[in-house]
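Okay, here's what each chain looks like letter by letter:
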Amino acid sequence: VIEQRTDAVMVPGRAVAELQGIFRVFVVGEDNTIEIRTVELGPEVANLRIIESGLEAGERVAIEGLLRLRNGAAVKPTVVDIATLGADAGTKAGG
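In every chain, residue numbers begin from 1 and rise along the written sequence. The model is predicted, so local features are restricted to residues of pLDDT at least 70 and side-chain atom pairs to those at 80 or more, both for listing and for counting; the totals for chains, interfaces and linings are taken over all residues. Hydrogens are left out, water is left out, and the side-chain values use all remaining heavy atoms of the structure.

Focus: the environment of Gly-58
And step 1. Within the secondary structure, Gly-58 sits in the loop between strand E6 (48-53) and strand E7 (60-64).
And step 2. In this scheme, a residue with accessible area under 20% of its type's maximum is buried, one over 50% is exposed, and one in between is partly exposed, where area comes from a 1.4 Å probe on protein chains only. By relative accessible area, Gly-58 is classed as exposed at 75%.
And step 3. Here the alpha-carbon distance between Gly-58 and Val-9, two residues 49 residues apart in the chain, equals 8.5 Å. Segments assigned H or I by DSSP are reported as helices when at least four residues long, segments assigned E as strands when at least two residues long, and all are numbered from the N terminus.

Set out below in structure tokens:
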């Protein structure tokens with residue numbers, strides 16, 4: 001074990017989009033609209049990325065359809081549980 005962290009915020013790797021060296025996630029708000037947010041990434045652990053800053057524990061992120069998502073876009077999310085579906089889970093945002 002090189003490092004152990006408690007209370008780390010983690011998302012599936014496929015929830016993170018990169019454009020010109022800037023990493024972003026698509027946060028699904030309480031009103032089911034998208035907010036594109038810049039994040040600082042930490043290490044990758046079993047197909048999950050640690051988010052150092054830019055995302056809080058409990059916030060939902062989209063894992064599918066990222067290319068179609070825009071700030072303020074309304075989505076119909078389907079929540080999937082990482083614990084039961086494996087590390088490739090998250091929130092599927094359909095619009």
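Anyway, onward from the coordinates.
Some details on the nonpolar core
Side chains of a nonpolar character, in soluble globular proteins, are inclined to be buried together.
And step 1. To form a nonpolar core, buried Ala, Val, Leu, Ile, Met, Phe, Trp, Tyr and Cys residues must be joined to one another through side-chain atoms within 4.5 Å. Grouped together as the largest cluster of nonpolar side chains are 13 residues, with contacts concentrated most on Val-11, Val-25, Val-39, Ile-51, Leu-55 and Val-61.
And step 2. Of all the secondary-structure elements, those providing two or more residues to this core are strand E1 (9-12), strand E3 (22-28) and E7.
And step 3. Here, residues are in contact when the closest pair of their heavy atoms is within 4.5 Å. Contact partners of Leu-55, with chain neighbours within four places excluded, come to Val-9, Val-11, Val-25, Val-27, Arg-37, Val-39 and Val-61.
And step 4. Formed by 8 residues, the second largest nonpolar core is a distinct cluster that contains Ala-17, Ala-62, Leu-66 and Val-75.

Digging into the sheet that holds E1
And step 1. The strand order E1-E6-E5 describes an open sheet built from 3 strands, whose pairing is antiparallel. The sheet is open, and its two borders are formed by E1 and strand E5 (40-45), each paired with just one other strand. Each neighbouring strand pair of the sheet contributes to a mean axis angle of 35°, computed without reference to strand direction.
And step 2. Two strands pair when backbone bridges link them, and E1 and E6 are joined in this way by 4 bridges, in the antiparallel orientation. The partner of Val-11 across the bridge, within E6, is Arg-49. Pairing between strands is defined by DSSP: at least two bridges between them are needed. Interaxial angles span 0 to 180 degrees and are taken between N-to-C directions of axes, which are lines fitted to C-alpha atoms, for helices over the stretch in contact.

Topic: the pattern of salt bridges
And step 1. Here, a salt bridge means any side-chain nitrogen of Lys or Arg that lies within 4 Å of a carboxyl oxygen of Asp or Glu. In total, this model carries 4 salt bridges according to the counting rule given.
And step 2. Across the salt bridge formed by Arg-5 and Glu-52, the nearest N and O atoms sit 2.7 Å from each other. In this pair, Arg-5 sits in the segment before E1 while Glu-52 sits in strand E6, placing the two residues 47 residues apart along the sequence.
And step 3. Looking at Glu-52, the relative accessible area reads 37%, which means it is partly exposed.
And step 4. Here Arg-14 makes a salt bridge to Glu-64, at a shortest N to O gap of 3.3 Å. Here Arg-14 is found in the loop between E1 and strand E2 (16-19), whereas its partner Glu-64 is found in strand E7, with 50 residues between them in sequence.
And step 5. Relative accessible area serves as the criterion here: at 34%, Arg-14 is assigned to the partly exposed category.
And step 6. One network of salt bridges, with partners in common, ties together Glu-35, Arg-37 and Glu-59.

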